[in-house]
Amino acid sequence: DPNAKYGHALRILSWDAALDVIKDNWVFGVGEARQEKALVDVYIMKGYVFPAIEKFNSHNQYLDFLLGGGIICLGLFVTGFIDLLIRSLKDSNFPLVVLLLAFSCIALFENLLSRYHGMILLSVFVSVLLPGKNLFKGPVSTMEGENNGY
């Protein structure tokens, strides 16, 4: 429904427009600065009035990376994300695994990293939960005979 204003129907319009932009710019994307204009142009071309007026984003973090930086940007993000997930699984760091899996699912329906709140939330939780960086256990390692000030 091109006149959708709420819910999943609106997200489908955003995804449809994003995929149209990505089709022609899948390698390098359109650039972060031109994402909004590219989406709004497609919204107008397809008659998606409400998303065009409100200048909605893609409502999908993965599509957002493809829009802004193409397959290269998405590949870098996914590679880093999978590396962090594998490290967390190897270290049996289940709180971080749950956080990463939840983030990866939510990212299908929202651009979490397009807002400062999302960036700060993810970076703070990953920093606190990152393997080998536990802030509550004291120093990770000390040299024998070293004066640690204790």
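Note that the structure is a prediction, hence the values are computed from the model and not measured.

I'd like a rundown of the packing of aromatic side chains, residues and numbers included.
Tallied over the entire structure, the rule returns nine aromatic pairs. Aromatic side chains Y62 and F77 sit 6.4 Å apart centroid to centroid with 55 degrees between the ring planes, which places their arrangement in the tilted category. Accessibility assignment for this pair places Y62 and F77 in one class, buried. Ring-pair connections join several aromatic residues into one group, and the members of that group are Y62, F65, F77, F81 and F103.

Explain the packing of helix 1 (residues 7–24) against helix 4 (residues 61–90) to me, using residue names and the numbers behind them.
For the pair helix 1 and helix 4, interaxial distance at closest approach is 9 Å and the crossing angle is 30 degrees. In terms of their interaxial angle, helix 1 and helix 4 are classed as roughly parallel. Crossing of helix 1 over helix 4 shows left-handed handedness. Here helix 1 contributes W15, A18, L19, V21 and I22 to the contact with helix 4, which in turn contributes L63, L66 and L67. Here the contact of helix 1 with helix 4 is built from residues that sort into eight nonpolar, no polar and no charged.

Account for unusual backbone geometry, naming residues and giving values.
The phi dihedral of H59 falls on the positive side, at around 55 degrees, and the residue is not glycine. Here H59 is to be found in the loop between helix 3 (49–54) and helix 4.

Run through the pattern of salt bridges, naming residues and quoting values.
For side chains of opposite charge, pairing can occur when their charged atoms come near one another. Here the structure, examined in full by the defined rule, presents six salt bridges. Where salt bridges share partners, they join D16, D20, K23 and K46 into one cluster.

Lay out the side chain of D64 in plain terms, naming residues and giving numbers.
Structurally, D64 can be placed in helix 4. With no salt bridge to any partner, buried D64 finds its closest opposite charge in R115, at an N-O distance of 9.5 Å. Apart from the residues lying within four places of it in its own chain, the contact partners of D64 are Q35, S58, N111 and S114.

Give a detailed account of helix 5 (residues 94–106), specifying residues and quantitative values.
In an α-helix, one turn spans 3.6 residues, which is why side chains three or four residues apart end up on the same side. Taking 1.5 Å of rise per residue, the 13 residues of helix 5 would be expected to cover 18 Å, and the 18 Å separating its terminal C-alpha atoms lies within 8% of that figure. Among all positions in helix 5, only L96, V97, L100, F103 and S104 are buried. For helix 5, the angular spread of buried residues about the axis comes to 130 degrees, placing them on one side. Away from the buried face of helix 5 by more than 90 degrees, exposed residues F94 and V98 are located. Of the surrounding elements, those touching the buried residues of helix 5 are helix 4 and helix 6 (116–129).

Quick notes on the rules
- Residues numbered from 1 in each chain as written.
- Predicted model: local features only at pLDDT ≥ 70, side-chain atom pairs only at ≥ 80, totals over all residues.
- Heavy atoms only, no water.
- Phe/Tyr/Trp six-rings, centres within 6.5 Å; stacked < 30°, edge-to-face > 60°.
- Buried < 20%, exposed > 50% of the residue type's maximum accessible area, 1.4 Å probe, protein only.
- Axes fitted to C-alpha atoms, helices over the stretch in contact; angles between N-to-C directions.
- Helix = DSSP H or I, 4+ residues; strand = E, 2+ residues; numbered from the N terminus.
- Parallel < 35°, antiparallel > 145°, perpendicular 65-115°, else oblique.
- Left-handed = near helix turned anticlockwise from the far one by under 90°.
- Contact = heavy atoms within 4.5 Å.
- Nonpolar A, V, L, I, M, F, W, Y, C, P; charged D, E, K, R; others polar.
- Salt bridge = Lys/Arg side-chain N within 4 Å of Asp/Glu carboxyl O.
- Lys, Arg positive; Asp, Glu negative; His and termini not counted.
- Expected span 1.5 Å × (residues − 1).
- Arc of directions from axis to C-beta.

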